[in-house]
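Below, each chain spelled out in residue letters.
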Amino acid sequence: QVQLVESGGGLVQPGGSLRLSCAASGSIYSIIAMGWYRQAPGKQRDLVATITTGANTNYADSVKGRFTVSRDNAKNTVYLQMNSLKPEDTAVYYCKGQIRDGDTRLPQDYWGKGTLVTVSS
């Protein structure tokens, strides 16, 4: 069983910063990639940023230049540094991991439960 747990959400004023963390634990054989998605009220869940074990990154156009994804492979943890936050960044942010579990060693997608980010004055 693999678990992903996010932390770091909260209320921030426009122009402010937040750092999200997501730690993977459990029966992990290897992690292929980890990333962040977000879902605003009444909208679909969209990609924010992803990063592979080799540190290749991908960002949504709406966050390029403001958000930075990074990971600590030794800790099975991915981070999302969010700067210059805007009200439209308000959403529940979900961590996703493409992980080979220790039993089957087959790649599967695992999701965290999400953390709420609210950008408001």
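Residues numbered from 1 in each chain as written. Predicted model: local features only at pLDDT ≥ 70, side-chain atom pairs only at ≥ 80, totals over all residues. Heavy atoms only, no water.

Another point: the pattern of salt bridges. Per the stated rule, a full pass over the model turns up 4 salt bridges. Among the ionic pairs, Arg38 bridges to Asp89, the shortest N-O distance being 2.9 Å. One end of the pair, Arg38, is in strand β4 (residues 28-39); the other, Asp89, is in the loop between β8 (77-82) and β9 (91-101), with 51 residues separating them in the sequence. In this pair, the class of Arg38 matches that of Asp89, namely buried. With its nearest N and O atoms 3.5 Å apart, the salt bridge here joins Lys96 to Asp109. Of the two residues, Lys96 is situated in strand β9 and Asp109 in strand β10 (residues 107-111); the sequence distance between them amounts to 13 residues. Judged by relative accessible area, Asp109 falls into the partly exposed class, the value being 44%. Connected via shared salt-bridge partners are Arg38, Arg66 and Asp89. (Salt bridge = Lys/Arg side-chain N within 4 Å of Asp/Glu carboxyl O. Helix = DSSP H or I, 4+ residues; strand = E, 2+ residues; numbered from the N terminus. Buried < 20%, exposed > 50% of the residue type's maximum accessible area, 1.4 Å probe, protein only.)

Turning to the sheet that holds strand β3 (residues 18-26), a few remarks are in order. Taking strand neighbours across the sheet as the criterion, the 4 strands line up as β1-β3-β8-β7 in an open arrangement whose pairing is antiparallel. Only two strands of the sheet have a single neighbouring strand rather than two, namely β1 (2-7) and β7 (67-72). Between one strand axis and the next, the sheet turns by 15 degrees as a mean value, whatever way the strands run. As paired strands, β1 and β3 are joined by 6 bridges and run antiparallel to one another. Paired with Gln3 across the strands is Ser25, a residue of β3. (Pairing = 2+ DSSP bridges. Axes fitted to C-alpha atoms, helices over the stretch in contact; angles between N-to-C directions.)

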